[in-house]
Amino acid sequence: MSLKNKIYIDNIPKHIAIIMDGNGRWAKKIGKNRNAGHKAGSKSVEKVVEACTELGVEALTLFAFSTENWNRPKIEINLLMKLLLLSLNKELENLNKNNIRFKTIGDLDRLPKKVQSYLKKVSKETQNNTRMTLTLAISYGAREEIINAIKTIGDKVKNNLISLKNIDESVINQHLYTHYLPDVDLLIRTSGEKRISNFLLWQIAYAELYFTKKLWPDFSKEDLYEAIINYQKRERRFGKTSEQVN
Ligand code: FPP
């Protein structure tokens, strides 16, 4: 029996974020090169997007490429960019068919021009879709995101567009790349690593963290269901006492 039947449909996390890790190790384990791992990883992306859409998750944010990943060998970076283009090209029709809005967060200026313009095209052609928002974090780093927000807010303070005393959480939220998203409810990281690696630092303040040993290419719909069931068993108190919450 699928674990899907054990999910409470009235307590689905609104925003799931995933650090997709372990493509390289997966490939090594079966004697293939890292590229094969990334290819297999892109299949997991398709499955997880489909599962989240079916469950009614409002937002799914995937860490596809970090600012630190620019330090990888050029050949691997090129392959990742190519995979991204291929996947988007293949999926554009599906995104529209399934009413999924596609967005990106990160420093896109560092990406090859062709990738930049394709990402813009897919974002534009899906902008009115309402069922789920799929965000890819590409060339993304949370500290950089926060620094950019501080700079913009500082500039607005200097020009009297915001007063210092009015800076609060919502002002910060509005100046992050993720201004259009709710806070993260569930953060998943695959491959057994228990780190956040500079992903959505501000947005995960109250997120439930879920770590699994599964390598990303092995991560299936059932694994996602298991993560959600685990999430639903937790008591989210947001700093309150158990009695207050219940
Ligand atoms: C981590 O595995 C994964 C990445 C750095 C890239 C994620 C990319 C994909 C899942 C494929 C394409 C993406 C899309 C959105 C179609 P790793 O290389 O760090 O693995 P390792 O830690 O085992 O070496």
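What comes next is a walk through the structure. For every chain, the first residue of the written sequence is number 1, and numbering continues from 1 onward in sequence order. Side-chain atom pairs in this predicted model are given and counted only at pLDDT of 80 or more, local residue features only at pLDDT of at least 70, and totals for whole chains, interfaces and linings cover all residues. With hydrogens and water excluded, all non-hydrogen atoms of the structure serve as input to the side-chain values.

What about the packing of aromatic side chains?
At step 1: The criterion for an aromatic pair is that two Phe, Tyr or Trp rings (for Trp, the six-membered ring) have centres within 6.5 Å, with stacked assigned to planes under 30 degrees apart, edge-to-face to planes over 60 apart and tilted to the rest. The tally for this structure, following the rule as stated, stands at seven aromatic pairs.
At step 2: Between the aromatic rings of F63 and Y140, the centroid separation amounts to 5.8 Å while the plane-to-plane angle is 85°, which identifies the pairing as edge-to-face. A residue pair is termed long-range when its members are at least 10 positions apart, and F63 in strand β2 (residues 59-66) and Y140 in strand β4 (residues 132-140) qualify at 77 residues. Residues F63 and Y140 agree in their burial class; the two are buried.
At step 3: Ring-pair connections join several aromatic residues into one group, and the members of that group are F63, Y140, Y177 and F199. In this description a helix means any DSSP run of H or I spanning at least four residues, a strand means any run of E spanning at least two, and both kinds are numbered starting from the N terminus. The rule is simple: take the accessible area with a 1.4 Å probe, protein chains only, and divide by the maximum for that residue type; under 20% is buried, over 50% is exposed, in between is partly exposed.

Focus on the pattern of salt bridges
At step 1: What makes a salt bridge here is a side-chain nitrogen of Lys or Arg within 4 Å of a carboxyl oxygen of Asp or Glu, nothing more. Under the criterion given, the structure shown has 14 salt bridges.
At step 2: In this structure, R189 engages D21 in a salt bridge whose closest nitrogen and oxygen atoms are separated by 2.9 Å. Pair noted here: R189 is in strand β5 (residues 186-189) and D21 is in the loop between β1 (15-19) and α1 (23-29), with a separation of 168 residues, a long-range link.
At step 3: With its nearest N and O atoms 2.9 Å apart, the salt bridge here joins K90 to E46. Residue K90 is found in helix α3 (residues 74-97), and its partner E46 is found in helix α2 (residues 34-55); the two are separated by 44 residues along the sequence.
At step 4: Here E46 falls in the partly exposed class, since its relative accessible area comes to 26%.
At step 5: Where salt bridges share partners, they join D21, R25, R189, E193 and R195 into one cluster.

Points about the packing of α3 against helix α4 (residues 113-125)
At step 1: Contact geometry for α3 and α4: axes closest at 10 Å, N-to-C directions at 15°. Taken as axis vectors, α3 and α4 run roughly parallel relative to one another. Between α3 and α4 lies a crossing of left-handed hand. Together, M81, L84, L85, L88, N89, L92, L95 and N96 of α3 and K114, V115, Y118, L119, K121, V122 and E125 of α4 make up the contact between the two elements. Axis definition: a line fit to C-alpha positions, over the contact stretch in the case of helices; interaxial angles, taken between N-to-C directions, run 0 to 180 degrees. Note on terminology: angles under 35 degrees are roughly parallel, angles over 145 are roughly antiparallel, angles of 65 to 115 are roughly perpendicular, and the others are oblique. By convention, the crossing between two helices is left-handed when the near helix turns anticlockwise from the far helix through less than a right angle, and right-handed when the turn is clockwise. In what follows, a contact means two residues having at least one pair of non-hydrogen atoms within 4.5 Å.

Looking at the site of the ligand
At step 1: Nearness is judged by heavy atoms alone; a residue qualifies as near a molecule or strand once a single heavy atom is within 4 Å of it. Among the 18 residues in the neighbourhood of the ligand, the closest are listed as M20, G24, R25, R34 and R72.
At step 2: Between the ligand and the protein, one listed contact pairs an oxygen atom with a side-chain N or O atom of D21 at 3.2 Å.
At step 3: One of the backbone nitrogen or oxygen atoms of G24 is found 3.0 Å away from an oxygen atom of the ligand.
At step 4: Burial of the ligand by the surrounding chains reaches 90%, relative to a free accessible area of 620 Å².
At step 5: Sorting the residues of the shell around the ligand by element identifies α1, α2 and α3 as the ones contributing at least two each.
At step 6: In terms of residue count, α2 provides more of the shell around the ligand than any other element does, four residues in total. Within 3.5 Å is the distance limit for a polar contact, defined as a pair of N or O atoms, with the added protein rule that one can donate a hydrogen and the other accept it, and that residues adjacent in sequence qualify only through two side-chain atoms. Areas reported here follow the Shrake-Rupley algorithm with a probe of radius 1.4 Å; residue values treat only the protein chains shown as occluding.

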